[in-house]
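Spelled out from the first residue to the last, the chains are:
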Amino acid sequence: MSKTSTDLIRHALNGPTMGTRWSALFFTPPGFDVRPVQAALQEAVDAVDAHMSTWKPDSDLMRLNRAPVGESVVVPADLAHVLALGMTIGRASGGAFDIGMGDAVHAWGFGPAAADVQGIRTAMAAPRRPAHEMLELEGTQVRKRGPIALDLNGIAKGYGVDRLADTLRSFGIDAALVGIDGEMRAQGLRPDGEAWTIAIEAPDTDRRAPHAILNLQDAAVATSGDYRHWVTVEGRQLSHTMDPRRGAPLLSSPASVTVIAPSCAEADAWATALMVVGPEAGAALATRQGLSALFLLRDDAGGVRAQGCGHLFADSAANPSAD
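Residues numbered from 1 in each chain as written. Predicted model: local features only at pLDDT ≥ 70, side-chain atom pairs only at ≥ 80, totals over all residues. Heavy atoms only, no water.

(A) The arrangement of helix α5 (residues 117-125) in detail. Considered for burial, the residues of α5 that qualify are G119, I120 and A123. Down the axis of α5, the sector holding all buried residues measures 100 degrees, keeping them to one side. Among the exposed residues of α5, those oriented more than 90 degrees off its buried face are V117, R121 and A125. Those residues of α5 that are buried are in contact with α4 (102-107). (Buried < 20%, exposed > 50% of the residue type's maximum accessible area, 1.4 Å probe, protein only. Helix = DSSP H or I, 4+ residues; strand = E, 2+ residues; numbered from the N terminus. Arc of directions from axis to C-beta. Contact = heavy atoms within 4.5 Å.)

(B) Geometry of unusual backbone geometry. In this structure, M18 is a non-glycine residue whose phi angle is positive, near 50 degrees. Locating M18 in the fold gives a position in the loop between β1 (9-17) and β2 (20-28).

(C) Structural context of the pattern of salt bridges. Enumeration over the complete set of coordinates arrives at 13 salt bridges. Note that K56 and D49 form a salt bridge whose closest N and O atoms lie 3.6 Å from each other. Judged by its relative accessible area of 34%, K56 is partly exposed. For the salt bridge of R129 with E133, the shortest nitrogen-to-oxygen distance reads 3.4 Å. Given a relative accessible area of 33%, E133 falls into the partly exposed group. Through salt bridges with shared partners, a single ionic network connects E136, R143 and R145. (Salt bridge = Lys/Arg side-chain N within 4 Å of Asp/Glu carboxyl O.)

(D) Spotlight on the state of the cysteines. Across all of its chains, the model carries 0 disulfides by this definition. Here C264 stays unpaired: no disulfide links it, and the sulfur of C309, its closest cysteine neighbor, is 18 Å away. For C264, a relative accessible area of 0% corresponds to the buried category. Here C309 falls in the buried class, since its relative accessible area comes to 8%. (Disulfide = S-S within 2.5 Å.)

(E) Local environment of the environment of D33. Counting through the fold element by element, D33 comes out in the loop between β2 and α1 (35-52). Look at D33 and you get partly exposed, because its relative accessible area is 36%. One polar contact links D33 to R35, side chain to side chain, over a distance of 3.0 Å. (Polar contact = N/O pair within 3.5 Å; in protein donor to acceptor, adjacent residues only side chain to side chain.)

(F) Structural view of the sheet that holds strand β17 (residues 304-309). A sheet is described by the order of its strands in space; here 8 strands give the open sequence β1-β2-β6-β7-β10-β15-β16-β17, paired in antiparallel fashion. The sheet is open, and its two borders are formed by β1 and β17, each paired with just one other strand. The average undirected angle you get between the axes of adjacent strands in this sheet is 15 degrees. Two strands pair when backbone bridges link them, and strand β15 (residues 256-261) and strand β16 (residues 292-298) are joined in this way by 5 bridges, in the antiparallel orientation. Within β16, the residue paired with I260 across the bridge is S292. The strands touched by helix α9 (residues 279-288) within the sheet are β16 and β17, with β17 carrying the most contacts at an inclination of about 30 degrees. (Pairing = 2+ DSSP bridges. Axes fitted to C-alpha atoms, helices over the stretch in contact; angles between N-to-C directions.)

(G) Here's a closer look at helix α8 (residues 264-277). The end-to-end C-alpha distance of α8 is 20 Å, a good match for the 20 Å that 14 residues give at a rise of 1.5 Å each. Most of α8 sits inside the fold, with 12 of its 14 residues counted as buried. Among all positions in α8, only C264, A265, A267, D268, A269, W270, A271, T272, A273, L274, M275 and V276 are buried. Among the residues trailing α8, G278 stands out with phi positive, at a value near 95 degrees. (Expected span 1.5 Å × (residues − 1).)

(H) Main features of the nonpolar core. One finds I99, L152, V259 and L274 to be the most contacted residues of the largest nonpolar core, which totals 49 residues. Looking at this core, the element that brings in the most residues is α8, giving 9 residues. Setting aside chain neighbours within four positions, we find V259 in contact with A220, V221, A222, A267, W270, A271, L274, L291, S292 and A293. F26, V34, V37 and V45 belong to the second-largest nonpolar core, a separate cluster that totals 18 residues. (Core = buried A, V, L, I, M, F, W, Y, C linked by side-chain atoms within 4.5 Å.)

Right, dumping it as structure tokens:
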């Protein structure tokens, strides 16, 4: 006999990962033991962190970064998958998304160490070729064609969300909402038959508040913005999003870009790419890629206006919040 929504037990699990927390919301019949699920979810994100972190010197990504140019390095399958996806999106975005910006990310103080003036000068002066031209990937073997510092902060968190979703499915849980910080993935429907409700955050540095509400089913959403992580240089606030053309933070960008995609890794990477490209060219690029994207843009009066593209955002499918 099928269970009605009133028969089901709500589970809201969470745990630490990547300097923030993961979450999983789902419903099961009474008597379901969630302890193995909690352990498996934590194990899944721990593996992603161990393989892809730039904050852990012993991670597989940092081992690859230390490897000599031209040496073939065997990496875990999930790291190889994320590298391949990052290179694919890098190529498709014309280099706007580039996993080879590790030197700039760290020089500007967005990694484990503080900003370094000499490192900034070096990063900005360095000749740059995108990672999809600098890496050779065959199965789980990776070879660097030249000096490059890889950084997966623009895609690894989204991939971690995908691994949370995969883990729940392995327990037969096909309807759930999982996330890491602002990256979310919805599977199936809620017990009442409605889509999962996602808040798109307002680009406000002082508080966390929703700008709009999105209904999401069998898709992922990620937001990249200029209002959570930044550095101040000569009185100017600069976003953590790097401009691959300059080896430095973006000088001008949307306040935020929210992208809906089939996987959270894709949504995460494309949100970064569209921040770099900007609203006009970014909307055209998103449309060519079959993505729905919402750009929040600051006006001269200090307000925020929305510009959407794709079927989920073209007609204000993200309902404005009452706030």
